[in-house]
2 protein chains.
Amino acid sequence: MALKRSRQREMIKSFLMGRKDHPTADVIYSNLKQQDPKLSLGTVYRNLTLLSDMGEILRLRVGDGVDHFDADTSEHYHFVCTECGSFIDLDMDSIDSIMETAGERFDGRIRGHVTYFYGTCPACTRVATES
Amino acid sequence: MALKRSRQREMIKSFLMGRKDHPTADVIYSNLKQQDPKLSLGTVYRNLTLLSDMGEILRLRVGDGVDHFDADTSEHYHFVCTECGSFIDLDMDSIDSIMETAGERFDGRIRGHVTYFYGTCPACTRVATES
DNA sequence: TTCCTTGCAAATCGTTTGCATAATG
DNA sequence: CATTATGCAAACGATTTGCAAGGAA
């Protein structure tokens, strides 16, 4: 039960904090593997699960079949580009009011929601628009 | 390229139309297997993929690691109970305006969004409230 | 010394796919 | 007859897990 610190967990957490994209377990693994050749993928998964269970990171599922991880746990929304797959943080106002909208004719209790947006990212939009 | 009708595809589609929950491929398979013992899981998956690619059904991913399918393709939102896992349609106003909110300070193009709500369903809420 | 964590490999689970045969148009 | 769809089983890819050895408290 008691958590003991581990070099690996710290590596993973700080790697994640240093990135603005939202890497998958495998990307995290192959990057860190270079500075620590003994690192194993199982350890990466175990720690990502541990960190997200503790609420220190977010596990994002956007339907591409792979989990993405984010060290930024503050409220924010994501955008996924359907052309290049890039995964971007959106700077936008809160849309928490949709929970009230959802609850208007619902007898249960709405505690949260998962929302992400998709479309064409700025870079791909530019390419598509070029003459 | 040309689509040929198949008894199996029709079974699957009508089974799905007759349910208000949002069964997984495996649930669909085990139910239909009873009336057609030769049915194979591969066929179920192939047809579900085909039907959702054609837009006749929806493939829903709510982060539980399993795909759910819905024959109702009209715009509507879902609720997932974190206690019992039930998967319910919400009768609620459109929240498409969140796409404008998201686009305000974003240079790309937002084409859509995925949103689902979670919390405690009416039945579980009742149980929790009972004295 | 206790017991949490790792590395490694094997196991799981949902989903996809190759191939020979059956069904459709 | 030309082709699409099926059943079956093997293949896949992401994630999890059992176990013996290593490391933190």
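No experiment lies behind these values; they were computed from the predicted model shown.

Calculation criteria
Residues numbered from 1 in each chain as written. Chains lettered and ligands numbered in written order. Predicted model: local features only at pLDDT ≥ 70, side-chain atom pairs only at ≥ 80, totals over all residues. Heavy atoms only, no water. Domains from an automatic or database assignment. Contact = heavy atoms within 4.5 Å. Buried area = accessible area lost by both parts, 1.4 Å probe. Salt bridge = Lys/Arg side-chain N within 4 Å of Asp/Glu carboxyl O. Polar contact = N/O pair within 3.5 Å; in protein donor to acceptor, adjacent residues only side chain to side chain. Helix = DSSP H or I, 4+ residues; strand = E, 2+ residues; numbered from the N terminus. Nonpolar A, V, L, I, M, F, W, Y, C, P; charged D, E, K, R; others polar. Near = heavy atom within 4 Å. Least-squares fit on C-alpha atoms with pLDDT ≥ 70 in both.

Residue and element names in this part refer to chain A. Its domain assignment divides chain A into domain 1 (1-72) and domain 2 (75-130). Each of domain 1 and domain 2 has a C-alpha centre, and these two points are 23 Å apart. With eleven residues of domain 1 at the contact, the number on the domain 2 side is seven residues. Counting the surface domain 1 buries against domain 2, the share from its top three residues, His22, Val62 and Asp72, is 63%. In this assembly, domain 1 and domain 2 are joined by zero salt bridges. Linking domain 1 with domain 2 are six residue pairs in polar contact (both at pLDDT 80 or more). A per-element tally of the side of domain 1 that touches domain 2 places strand 1 (residues 58-61) first, with three residues. Residue classes in the side of domain 1 that touches domain 2 are distributed as three nonpolar, three polar and five charged.

What follows concerns the protein's contact with DNA strand C. Near DNA strand C there are 24 residues, and of these Lys4, Ser6 and Arg9 of chain A together with Lys4 and Tyr45 of chain B occur at the shortest range. By atom count, sugar and phosphate contribute 73% of the portion of DNA strand C lying within 4 Å of the protein. For DNA strand C, a phosphate oxygen lies 3.3 Å from a polar atom in the backbone of serine 40 of chain A. The separation between a phosphate oxygen of DNA strand C and a polar side-chain atom of tyrosine 45 of chain B is 2.4 Å.

In this section: the relation of the copies chain B and chain A. You can overlay chain B on chain A at an RMSD of 0.1 Å; the transform is a turn of 179 degrees with a shift of 0.0 Å along its axis. Interpreted geometrically, this transformation is the action of a two-fold axis. Every residue of chain B has its C-alpha some distance from the rotation axis, and the shortest such distance is that of threonine 115 of chain B, at 2.1 Å. In this assembly, 100% of the residues forming the interface of chain B have copies in chain A that are likewise at the interface, indicating an isologous arrangement.

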